[in-house]
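Per-entry structural report
So you can see what is in the structure, the chains are spelled out below.
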Amino acid sequence: MTKLMKEAGPKTQHVTVIGGAGFIGSHLVDRLVRDGYTTRIVDNLEPQVHPGGVAPAYLNPQAEFIRQDVRDREGLVRAIQGTNAIFYLAGAVGVGDSMYKIRHYAEANVLGAANLLDILANEKHAIGKLVLASTVTVYGEGKYSCPRHGIVFPEIRQAGPSSPNGAAQKWDPRCPQEISGAPCPETLTPLPIEESKPLAPLSIYAATKRTQEEMFLTVGRAYGIPVIVLRYFNVYGSRQAVSNPYTGVAKIFAADFARGKAPLLYEDGLQTRDFVHISDVVQANLLALENPQADGEIFNVASGRPTTILEACRAVGRLFPNPVAVEPSRRFRAGDVRHSVADISKIQNCLGFRPQTFFPACIEDVLPGGDSPTAAESSSVAHDAMARRGLIS
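Below you will find a few notes about this structure. (Residues numbered from 1 in each chain as written. Predicted model: local features only at pLDDT ≥ 70, side-chain atom pairs only at ≥ 80, totals over all residues. Heavy atoms only, no water.)

This part takes up the packing of helix α5 (residues 249-258) against helix α7 (residues 309-317). In contact at an axis separation of 9 Å, α5 and α7 are set at 45° when each is read in the N-to-C sense. The orientation of α5 relative to α7 falls into the category oblique. Taken as a pair, α5 and α7 cross one another with a handedness that is right-handed. Residues Ala250, Phe253, Ala254 and Phe257 of α5 touch α7, and the partners they reach there are Ile309, Ala312, Cys313, Val316 and Gly317. Split by residue class, the contact of α5 with α7 holds 8 nonpolar, 1 polar and no charged. (Axes fitted to C-alpha atoms, helices over the stretch in contact; angles between N-to-C directions. Helix = DSSP H or I, 4+ residues; strand = E, 2+ residues; numbered from the N terminus. Parallel < 35°, antiparallel > 145°, perpendicular 65-115°, else oblique. Left-handed = near helix turned anticlockwise from the far one by under 90°. Contact = heavy atoms within 4.5 Å. Nonpolar A, V, L, I, M, F, W, Y, C, P; charged D, E, K, R; others polar.)

On to the packing of aromatic side chains. The tally for this structure, following the rule as stated, stands at 7 aromatic pairs. Summarising the aromatic geometry, the rings of Tyr236 and Phe359 are spaced 5.2 Å apart at their centres and angled 80° between planes, so their arrangement reads as edge-to-face. Residue Tyr236 is located in strand β12 (residues 234-236), and its partner Phe359 is located in the loop between α8 (345-351) and α9 (373-376); the two are separated by 123 residues in the primary sequence. Classification of Phe359 as buried rests on a relative accessible area of 13%. Aromatic rings pair up to connect Tyr236, Phe275 and Phe359 into one cluster. For Arg305, the ring lying beneath its charged end belongs to Phe358, and the centroid distance is 3.6 Å. The ring centre of Phe299 lies 5.2 Å from the NZ or CZ of Lys346, which sits over that ring. (Phe/Tyr/Trp six-rings, centres within 6.5 Å; stacked < 30°, edge-to-face > 60°. Buried < 20%, exposed > 50% of the residue type's maximum accessible area, 1.4 Å probe, protein only. Lys NZ or Arg CZ within 6 Å of the ring centre and 35° of its normal.)

Relative to the 18 Å expected for 13 residues at 1.5 Å per residue, helix α6 (residues 278-290) spans 19 Å between its end C-alpha atoms, a close match to the ideal helical length. Burial within α6 is extensive, with 11 of its 13 residues counted as buried. For α6, the full list of buried residues reads Ile278, Asp280, Val281, Val282, Gln283, Ala284, Asn285, Leu286, Leu287, Ala288 and Leu289. (Expected span 1.5 Å × (residues − 1).)

Another point: the sheet that holds strand β7 (residues 150-152). Read across the sheet, 3 strands follow the order β7-β6-β10 without closing on themselves; strand pairing throughout is antiparallel. Because the sheet does not close on itself, it has two edges, and the strands there are β7 and β10 (189-191). Adjacent strand axes in the sheet meet at a mean angle of 40°, parallel and antiparallel pairs treated alike. With 3 bridges connecting them, strand β6 (residues 143-146) and β7 associate as antiparallel partners. Residue pairing across strands places Cys146 opposite Gly150, the latter belonging to β7. (Pairing = 2+ DSSP bridges.)

Running from N to C, helix α3 (residues 102-122) and helix α4 (residues 204-223) cross one another at 5°; their axes reach a closest spacing of 9 Å. Accordingly, the angle class assigned to the pair α3 and α4 is roughly parallel. Where α3 approaches α4, its residues Ile102, Tyr105, Ala106, Asn109, Val110, Ala113, Ala114, Leu116, Leu117 and Ala121 are matched on the opposing element by Ile204, Tyr205, Thr208, Thr211, Gln212, Met215, Phe216, Val219 and Tyr223. For the contact of α3 with α4, the per-class residue count stands at 15 nonpolar, 4 polar and no charged.

Examined against the element boundaries, Glu297 turns out to sit in the loop between α6 and β15 (298-301). With relative accessibility at 30%, the residue Glu297 sits in the partly exposed group. For the pair Glu297 and Val229, spaced 68 residues apart in sequence, the C-alpha separation works out to 6.4 Å. Not counting residues within four places of it along the chain, the set of residues in contact with Glu297 comprises Val227, Ile228, Val229 and Lys346.

On the basis of which strands lie adjacent, the open sheet formed by 7 strands has the order β3-β2-β1-β4-β5-β11-β15 and parallel pairing. Each edge of the open sheet carries a strand with a single partner, namely β3 (64-67) and β15. Strand-to-strand, the axes of this sheet are offset by a mean angle of 20°, without reference to chain direction. Note that strand β5 (residues 129-135) and strand β11 (residues 227-232) share 6 bridges and pair parallel. Paired with Ser134 across the bridge in β11 is Arg231. Contacting β1 (14-18), β4 (85-88) and β5, α3 crosses the sheet at an angle of about 165° to β4. Packing against the sheet, α4 makes contact with β4, β5, β11 and β15, and its axis sits at approximately 160° to β5.

What follows is the structure, given as structure tokens:
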């Protein structure tokens, strides 16, 4: 297709959310419907997110629903007909199991994205905006400052007493520079990550998301389709699937506390994350849709505030009358980063994004509700599966 094959259309009114039955997608759908957009949900109801492949009760009845897998190109052609804008949130999610379900992640995330982009390159369409949900995991380990060497990006941490950065004894990464042939001894200070940080994925999931970003931006530039990439940090809120044990750490903590079990904390619990509430993620998506200044850009979507995993776990524990005591396991999980907090100045300055909810506000949204005990136990199953493969030490 050439750019001339793109159908002329009105200002964006008909929006399709691919992956719209999931945690983030369903909240976005609710907001789009509320704001007057004609909204369509396209989702395959993946059992990893929707146990039994059953549509969740919270699906907005005012949105059209089409059950469709993005790996089926012909079905996807029909599913996006008449659409003016697409939010792409489909795919397999999670760091841990991506390390041993490699083909599944490649097919769901890369082939699925390729199908959509192939349609936009070869079929008539009216797409005037394409927003891709990406992830903090594409960055890998965070950005740091060394007193002697300035800004540095440490090497991947490895477990074991003989590892070059001593992850087994000293969890924080060390400066990658040398002084007179010896490792730099200085303690690094974690810094906020801006969008220009070099990408260094540490998992198959992260690698597939980086690939998605590059594919979407490349096709968007070539065919004149405005593409926006949103890199979500640690999103929390209601509707998060505890049946997927590799995402939503606050939700997993709540599920464990609910059944009287101490949540599993890796390392010493002092690793930091940037928790962003689902309402602020929805705000960022609407800003990306409605502002031409967003076109062709990549934005962090986060709160800009660090929280340790231990602090997060204790905040969740306070929701329960008699929570069990929590002690860090001092175990190391391959692919985990030490510190991750966002620099959100770009999305603030360009789109006017302003986080409204800061962790632990609204933490009660992660309470298990109707989640089944079997689903709640999945975090232990996930840990054991990774341990059997030597991914936890």
